[in-house]
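Descriptive structure summary
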Amino acid sequence: MTPRPPRLVFLTTAAERQLRRWIARRGGANAAGKGGQGFGAPAAGVLLHLADHPGATVGEVTTALQASPAGASGLLARMERADLVRRRTDPDDRRTVHLDLTPTGIAAVHDVRMTLAELNDHLTDGFTPDELATVARWLEHVTRTLS
């Protein structure tokens, strides 16, 4: 009898849920802005993207996060209320909206990077560089194949 292959789809989705939960638990009050609630993985993604791409458009952020326009709109509205991001209209094209980090958002980027470094340390502990390269190659393959 041939052994059953690993349940990769189940394992991947279960791991993704746990990653989101871990990030949400660690998205501390320092990074939350007004109100003191933490933030989840999507908000962390927005913060990191804007740190690397200041003034990105709403469409660019939506694409980078692989989010739906409606989902991104709601997330950005919550982040704006939390004083993490600011929207500004492009002076040359009023239909285009750019996003900037606020001072609170800039401070939150540091917390996000620290949180993700801690998570990465937990996830890579006990694995060799070759094993991690194989995992990364497989995840990249899944992303490309299903795009």
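Residue numbering note: each chain is counted from 1, following its sequence as written. Predicted model: local features are reported for residues with pLDDT of at least 70 only, side-chain atom pairs are reported and counted for 80 or more only, and whole-chain, interface and lining totals are derived from all residues. Side-chain numbers here rest on the full set of heavy atoms in the structure, without hydrogens or water.

A word on the side chain of His98
Numbered from the N terminus, helices here are DSSP runs of H or I no shorter than four residues, and strands are runs of E no shorter than two. Following the sequence through the fold, His98 ends up in strand 2 (residues 97–101). Should any heavy atoms of two residues lie within 4.5 Å, those residues are counted as being in contact. In this view, His98 contacts Gly55, Ala56, Thr57, Arg86, Arg87, Arg88 and Asp90; residues no more than four positions away in its chain are not counted.

Some remarks on the nonpolar core
Within the largest apolar cluster, 19 residues are counted, with the highest numbers of intra-cluster contacts made by Val46, Leu47, Leu50, Met79, Leu84 and Val85. When residues in this core are grouped by element, the largest group, five residues, is from helix 3 (residues 41–52). Side-chain atoms within 4.5 Å link the members of a nonpolar core, which is a set of buried Ala, Val, Leu, Ile, Met, Phe, Trp, Tyr and Cys residues. Exposure categories follow from relative accessible area, calculated using a 1.4 Å probe and restricted to protein chains: below 20% of the type maximum is buried, above 50% is exposed, and the middle band is partly exposed.

Overview of the confidence of the model for the protein
Reading predicted coordinates in detail is not appropriate for stretches of low pLDDT. pLDDT runs from 0 to 100 and stands for how confident the predictor is about each residue. When pLDDT is averaged along the protein, the result is 89, and 92% of the positions lie at 70 or above. Confidence, read as mean pLDDT per element, is least for helix 2 (residues 29–32) in the protein (43) and greatest for strand 2 (97). Taken as a whole, residues 29–36 scores under 50 in pLDDT and shows 16 contacts with residues more than four places along the chain or in a different chain.

Let's talk about helix 5 (residues 69–81)
Across its 13 residues, helix 5 extends 18 Å between first and last C-alpha, which sits within 8% of the 18 Å expected from 1.5 Å per residue. Turning to helix 5, the residues buried within the fold contact helix 3, helix 4 (58–65), strand 1 (85–89) and strand 2. Immediately beyond the C-terminal end of helix 5, within one or two residues, lies Asp83, with a positive phi of roughly 65°. Expected helix span is taken as 1.5 Å per residue step, with the number of steps being one fewer than the number of residues.

Side note on the environment of Ile23
Within the secondary structure, Ile23 sits in helix 1 (residues 8–26). Overall, the relative accessible area of 11% leaves Ile23 in the buried class. With 89 residues separating them along the chain, Ile23 and Val112 place their C-alpha atoms 8.9 Å apart. Residues contacting Ile23, with those up to four places away along its chain left out, are Phe39, Gly40, Ala41, Leu116 and Leu119.

Concerning the packing of aromatic side chains
In this description, a pair of aromatic rings is defined by centroid distance and the angle of the planes. Put simply, two rings from Phe, Tyr or Trp (the six-membered ring, in Trp's case) pair if the centres are within 6.5 Å, and we call them stacked under 30 degrees between planes, edge-to-face over 60, tilted for the rest. Counted according to the given criterion, the structure contains zero aromatic pairs. Here Arg7 stacks its cationic end above the ring of Phe10, 4.4 Å away from the centre of that ring. Both a distance and an angle decide whether a charge sits over a ring: NZ of Lys or CZ of Arg must be within 6 Å of the ring centre and within 35 degrees of the ring normal.

Looking at the environment of Thr128
By the element assignment, Thr128 lies in the loop between helix 6 (103–124) and helix 7 (129–145). What makes Thr128 partly exposed here is its relative accessible area of 37%. The spacing of Thr128 and Ala70 is 58 residues in sequence and 40 Å in space, taken between C-alpha atoms.

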